[in-house]
Amino acid sequence: MSGFVAVSCGGGRRKMLIIFMMAVCLLHLLLQFHVLQRILVFRGAGGVRGKESAVTFRNLTPSNGDSEAKADHHRDLGNDTMIPLKWRPQVRWPLMVFSTVGRLGNCLNTYAFALSLHDVYPATVAVTQPVLKTLRTVLAGENLTLPVIDMQFQEEADEEDAVEVVEPDYLKDDMVSHLEPTFQRAVREFQVGGRRKVFLLPGYPNRMWMLAQHFSIIRASYRIRAELQQEARRFLERARHGRGRNVTFVGLHIRRGDYVNFIKNFHNCSLPGPEFYEAAINHYRASLADPLFVVTSDDLPHARHHLHRHPDVVFSDLRTAEGDMALLAACSHSIMTVGSFGFWSSFLAGGHVVYPLVNGCSKTPFMHPDSLGSRGFENWLPLMVESRGSDGS
């Protein structure tokens, strides 16, 4: 029987076998291509329409605007659904990559500073994949258009000895003064030597006055996801029930958690506490006809303990950071204590903002007139209130 099979392969079965082997080879090539597309080492993070391409460090070329990226899809980092992206696979060297290991607020800081330096220098500004993934938990991905790289790209560039990590001065809490000099040096080095190089910029950018002239592009990029906006509106409608239609919502974010020890040990001062909450609430009671205060916190038991007696205070029950940020952003005005989460929630709300003026610190706190500057923050009011306890309790 085996001899019959061997002989018959010389006829029709041999053709079928050849076709089968060609199909297997084609399938293998397609699988390899799929794997390459799945690891996408450099891509745009843009919209729900368009194209994308897989690019490696070694085949990136200086941008000339001639070629178009190939059409394909990849999995949305936020919800694991398939969407198309678009990016032309050219780089205007040097490649300046912003990164952070911080959470949502710090990722918003990092992306905003990357946006502020985009197109300022003849260089490509990008962010790391974890930054994009965090942002897309709260922001609509189609508006996040900066290029994105992942660890494989960085590792490949590192193998070519083409990565320079430029750290901020963490001990002095100086997260920004090195940025523009680094951009200037990077551009100069490429113009003189022509060597492709990646500059990795980690840290926690924290001097918000540098963003003031870029607010329009930041607001255009920072759009809350539609489903989170709907969830926030439903909460506010429930809170409004029985109070009339003239309620003005004021978001109040109380940051505690790890910040209790951080501000004590690093800044040598204390968190704003109940005295500040009361003063900020009374400020809006005096200026608004019918305010309703919407409280979110990473320590809701603390917030409830100090504010539950007020009939014009409600507490968030949304249980996620992105839900709380969307809720605060849906309010007309804001009160914040410390931290980048409260800052961006207040910024996105767009109204008046009351924040604590914390004095006597060894380093300038994140929320301080010296950190904000005067331009662009005219509606931000600092209130000086002393806290009784060293932890702001």
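Higher on the page you've got the structure.
Owing to the predicted nature of the structure, the values given are computational and were not obtained by experimental measurement.

Cut-offs applied
Residues numbered from 1 in each chain as written. Predicted model: local features only at pLDDT ≥ 70, side-chain atom pairs only at ≥ 80, totals over all residues. Heavy atoms only, no water. Pairing = 2+ DSSP bridges. Helix = DSSP H or I, 4+ residues; strand = E, 2+ residues; numbered from the N terminus. Axes fitted to C-alpha atoms, helices over the stretch in contact; angles between N-to-C directions. Phe/Tyr/Trp six-rings, centres within 6.5 Å; stacked < 30°, edge-to-face > 60°. Buried < 20%, exposed > 50% of the residue type's maximum accessible area, 1.4 Å probe, protein only. Left-handed = near helix turned anticlockwise from the far one by under 90°. Contact = heavy atoms within 4.5 Å. Salt bridge = Lys/Arg side-chain N within 4 Å of Asp/Glu carboxyl O. Expected span 1.5 Å × (residues − 1). Disulfide = S-S within 2.5 Å.

As for the sheet that holds strand β16 (residues 380-383)
Backbone hydrogen bonds are what pair the strands of a sheet, in a parallel or an antiparallel way. Within the open sheet, the six strands sit side by side as β13-β12-β11-β14-β15-β16. Their pairing is parallel. Taken across any chain shown, the strands that pair with only one partner, and hence form the sheet edges, are β13 (313-315) and β16. Each adjacent strand pair in this sheet contributes to an overall mean axis angle of 25°, direction not counted.

Here we look at the packing of aromatic side chains
Tallied over the full model, the rule gives 16 aromatic pairs. Judged by centre distance (6.4 Å) and plane angle (70°), the ring pair of tyrosine 170 and tyrosine 204 falls under edge-to-face. Taken together, the positions of tyrosine 170 in the loop between β9 (163-165) and α6 (179-193) and tyrosine 204 in the loop between β10 (198-201) and α7 (215-221) put the pair 34 residues apart, joining distant regions of the chain. For tyrosine 170, a relative accessible area of 33% gives the class partly exposed.

Things to note about the packing of helix α8 (residues 226-240) against helix α12 (residues 321-329)
For the pair α8 and α12, interaxial distance at closest approach is 8 Å and the crossing angle is 65°. Judged by the sense of rotation from one axis to the other, the crossing of α8 with α12 is right-handed. Across the interface between the two elements, Leu228, Glu231, Ala232, Phe235 and Leu236 of α8 pack against Glu322, Gly323, Ala326 and Leu327 of α12.

Quick look at the pattern of salt bridges
Scanning the model with the defined rule gives 14 salt bridges in all. In this structure, glutamate 237 engages arginine 240 in a salt bridge whose closest nitrogen and oxygen atoms are separated by 3.5 Å. Within this pair, glutamate 237 and its partner arginine 240 are both found in helix α8, separated by three residues, close to a single helical turn. Residue classification places glutamate 237 among the partly exposed positions, given a relative accessible area of 39%. Using a relative accessible area of 14% as the deciding quantity, one classes arginine 240 as buried. Among the ionic contacts, a cluster of salt bridges with common partners joins Arg103, Arg255, Asp258 and Asp298.

Re α8
Between its first and last C-alpha, α8 extends 21 Å over 15 residues, near the 21 Å set by a 1.5 Å rise per residue. Buried-residue contacts for α8 involve β11 (248-254), β12 (291-297), β13 and α12. Downstream of α8 by a residue or two, glycine 242 has a phi angle that is positive, lying close to 85°.

Some thoughts on the state of the cysteines
Following the criterion strictly, the structure yields one disulfide and no others. Linked covalently through their sulfurs, cysteine 269 and cysteine 361 form a disulfide whose S-S length is 2.1 Å. An S-S torsion of about 95° defines the bridge between cysteine 269 and cysteine 361 as right-handed. Here cysteine 269, found in the loop between α9 (259-266) and α10 (274-287), pairs with cysteine 361, found in the loop between β15 (353-356) and α14 (369-372); they are 92 residues apart in sequence, far enough to count as distant. The buried category is assigned to cysteine 269, whose relative accessible area is 12%.

Some details on the pairing of β11
Most of β11 sits inside the fold, with seven of its seven residues counted as buried. Side-chain alternation along β11 places Thr248, Val250, Leu252 and Ile254 on one buried face and Phe249, Gly251 and His253 on a second face that is also buried. Relative to β12, β11 runs parallel, the two being bridged by seven bridges. Bridging from a neighbouring strand, phenylalanine 249 pairs with leucine 292 of β12.

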